[in-house]
Amino acid sequence: AKREGKNTYYFYQPSLSESATRRYTLETDLKSAIQNGQMSLYYQPKVCAKNSVIMSAEALLRWHHPSLGFISPCEFIPIAEQTGQIIAIGNWVIKEASMQALKWQQVAHFERIAVNVSAIQLAQDDFIEQTLATLNETGCPPSLIEIEQTESALMDKMQENIQVLSALKQAGFTLSLDDFGTAYSSLSQLSQLPIDVLKIDKSFVDNCATCERAHMVVKTIIQLANNLGMHTIAEGVETQAQLDVLNSEGCYMYQGYYFAKPLPQNEFEQVLESQSLV
Ligand code: C2E
Ligand code: CA
Ligand code: CA
Ligand code: CA
């Protein structure tokens, strides 16, 4: 608050028109962002709990705007979803990731690349057809691609989603449930989903070494996954103390700044080739 004379305070707040202008700019510029080469994928290692070897990577989208700088996916993905641009962007992500997966599968222990797929993409009637056509162009088999779907997005149209996921699974994709534990899927719903991996949400991982209840949630998710024949990965691992707890509960894979931040393609490639994490 800025004090202007006696008892008069002015508070700075971005005006409605300022945020509307930014939103309009982003929406407009998003249309040509791919053609203009402003989009890129960063890759964050997912490592084996036993030996820290990189088994896969999550592809995370980055938009470098010419005048506004890096825009967080948390800001532009929702815009792309509202305008339908997520379809073209999502296809581009799959194409890019599949080209990299094809290349990196040659490195020992590296299995696949995970992409984030929006609920809007999954709801398209031709999502599977389109995705398989894209992979056909690059020559990448579905077994090199993992599809991450958030728990909350899936719960929306459960019956339809079970069918799409089953077809994807049949086609050879690996499926993982992102941000697990933050939505309220019932056990019966969860058991019907053909999911391979539960991603334990960062909020539980954050607190698992300092809060006994968060620890118990993590422990329970890992047991549940094991009982349903699914693997677990903890996201957002940042400290040794968190790692100790996760190890003691038998978590299968880790992802987080403790190991590596999301890296540009060439840097990820260097790390992958040297396998010199931690
Ligand atoms: P997400 O799928 O939950 O991705 C994990 C986010 O956590 C990423 O943020 C990642 O950089 C960050 N992260 C990873 N490890 C750590 C850690 O140890 N500490 C902290 N503090 N953060 C960590 P990012 O890259 O900003 O992405 C944010 C969200 O944007 C993603 O959340 C995902 O929902 C969405 N997103 C990113 N790329 C795509 C994409 O290609 N398509 C779609 N539909 N959504 C995407
Ligand atoms: Ca994800
Ligand atoms: Ca996540
Ligand atoms: Ca999360």
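Please read all numbers here as calculations on a predicted model, not as lab measurements.

S.K.: Please provide a residue-by-residue account of the packing of helix 1 (residues 16-33) against helix 2 (residues 73-83), values included.
M.R.: Following both chains from N to C, one finds helix 1 and helix 2 inclined at 70 degrees, their axes separated by 10 Å at the closest point. One element, helix 1, and the other, helix 2, form an angle in the roughly perpendicular class. Judged by the sense of rotation from one axis to the other, the crossing of helix 1 with helix 2 is right-handed. Contact residues: helix 1 offers Arg-22, Arg-23, Leu-26, Glu-27 and Leu-30, while helix 2 offers Glu-75, Phe-76, Ile-79, Ala-80, Gln-82 and Thr-83. In terms of residue class, the contact of helix 1 with helix 2 is built from five nonpolar, two polar and four charged.

S.K.: With reference to specific residues and values, describe the site of ligand 1.
M.R.: The environment of ligand 1 is formed by 21 residues, the closest being Gln-44, Arg-62, Asp-178, Glu-238 and Tyr-257. A distance of 3.0 Å separates a nitrogen atom of ligand 1 from a polar atom in the side chain of Gln-44. In this structure, Leu-61 approaches ligand 1 through a main-chain N or O atom, which is 3.1 Å from a nitrogen atom. In isolation ligand 1 offers 810 Å² of accessible surface; the protein chains occlude 80% of this area. When atoms are counted within 2 Å of each cavity's grid points, the one that captures over half of ligand 1 is the largest pocket. Put simply, the parts of the chain that give the shell around ligand 1 at least two residues each are strand 4 (54-65), helix 2 and strand 8 (174-180). Ranked by residue count, the leading element in the shell around ligand 1 is strand 4, at four residues.

S.K.: Give me the lowdown on the coordination of the calcium ion (ligand 2), citing residues and values where you can.
M.R.: Note on metal geometry: ideal angles are 109.5 degrees for four donors arranged tetrahedrally and 90 or 180 degrees for six donors arranged octahedrally. Here the calcium ion (ligand 2) is held by the protein donor atoms Glu-58 (OE), Asn-116 (OD1), Glu-148 (OE) and Asp-178 (OD), which lie 2.2 to 2.3 Å from it. For the calcium ion (ligand 2), the donor residues sit on a single chain with the sequence spacing E-x57-N-x31-E-x29-D. The distance between the calcium ion (ligand 2) and the calcium ion (ligand 3) comes to 3.9 Å, with Asp-178 serving as a donor to both metals. Remark: Asn-116 occurs in strand 6 (residues 112-116) and Glu-58 occurs in strand 4; sequence separation between them is 58 residues.

S.K.: Run through the coordination of the calcium ion (ligand 3), naming residues and quoting values.
M.R.: Listed as protein donors to the calcium ion (ligand 3) are Asp-178 (OD), Asp-179 (OD), Glu-235 (OE) and Glu-235 (OE); their distances from the metal cover 2.1 to 3.0 Å. Judged by relative accessible area, Asp-178 falls into the buried class, the value being 6%.

S.K.: Pulling in residues and values, what's your account of the layout of surface pockets?
M.R.: Taken as a whole, the largest pocket encloses approximately 1000 Å³ of empty space. Lining the largest pocket we find 38 residues, and of these Glu-58, Leu-60, Pro-73, Asn-116 and Asp-178 sit closest to its centre. Counting only elements with at least two residues in the lining of the largest pocket, the list comes to strand 3 (39-48), strand 4, helix 2, helix 3 (86-104), helix 4 (119-122), strand 7 (145-150) and strand 8. Considering only residue class, the lining of the largest pocket consists of 17 nonpolar, 11 polar and 10 charged. Estimates place the volume of the second largest pocket at around 250 Å³. What lines the second largest pocket is a set of 14 residues, and nearest its centre among them are Ala-119, Leu-122, Ala-123, Lys-157 and Asn-161. Elements that contribute at least two residues to the lining of the second largest pocket include exactly helix 4, helix 5 (127-138), helix 6 (151-156) and helix 7 (158-171).

Rules and cut-offs
Think of each chain on its own: its residues are numbered from 1, step by step along the sequence as written. The order in which chains are written sets their letters, starting at A; the order in which ligands are written sets their numbers, starting at 1. Per-residue local features are limited, in this predicted model, to residues with pLDDT of at least 70; the limit for side-chain atom pairs, both in listing and counting, is 80 or more; totals at the level of whole chains, interfaces and linings are taken over all residues. Neither water nor hydrogens contribute to the side-chain values; these are computed over all heavy atoms in the structure. A fitted line through C-alpha atoms represents every axis, and for helices the fit uses only the stretch in contact; the resulting angles, taken between N-to-C directions, go from 0 to 180 degrees. Strands are runs of DSSP state E lasting at least 2 residues, helices are runs of H or I lasting at least 4, and numbering of each runs from the N terminus. Any angle from 65 to 115 degrees is called roughly perpendicular, while one under 35 is roughly parallel, one over 145 is roughly antiparallel, and all others are oblique. Handedness of each helix crossing follows the sense of rotation of the near helix against the far helix: counterclockwise by less than a right angle gives left-handed, clockwise gives right-handed. Note on contacts: a residue pair is in contact if any heavy atoms of the two residues lie within 4.5 Å. Any residue that is not Ala, Val, Leu, Ile, Met, Phe, Trp, Tyr, Cys, Pro, Asp, Glu, Lys or Arg is counted as polar, Gly included; the first ten are nonpolar and the last four charged. We call a residue near a molecule or strand whenever a single non-hydrogen atom of that residue lies within 4 Å of it. Polar contact is defined as a pair of N or O atoms within 3.5 Å, subject to the rule that within protein one atom must be able to donate a hydrogen and the other to accept it, and that residues adjacent in sequence are counted only when both atoms are side-chain atoms. Computed by Shrake-Rupley with a 1.4 Å probe, the accessible areas treat only the displayed protein chains as cover when residues are assessed. Residues are called lining when one of their atoms sits within 4 Å of a cavity or pocket point, these points coming from a 1 Å grid over the protein atoms alone, where a cavity is a set in which a 1.4 Å probe fits but cannot get out and a pocket is an open set with protein on both sides within 12 Å along at least five of seven lines. In this scheme, a molecule is assigned to a cavity or pocket if more than half of its atoms are within 2 Å of the grid points. Note that water is not among the atoms used; donors are N, O and S atoms within 2.8 Å of the metal (3.2 Å for Na, K and Ca), so sites may look incomplete. Exposure classes here rest on a 1.4 Å probe applied to the protein chains alone. A residue is buried below 20% of its type maximum, exposed above 50%, and partly exposed in between. Grid points are joined across faces, edges and corners, and a volume is the space filled by probe spheres set on the points.

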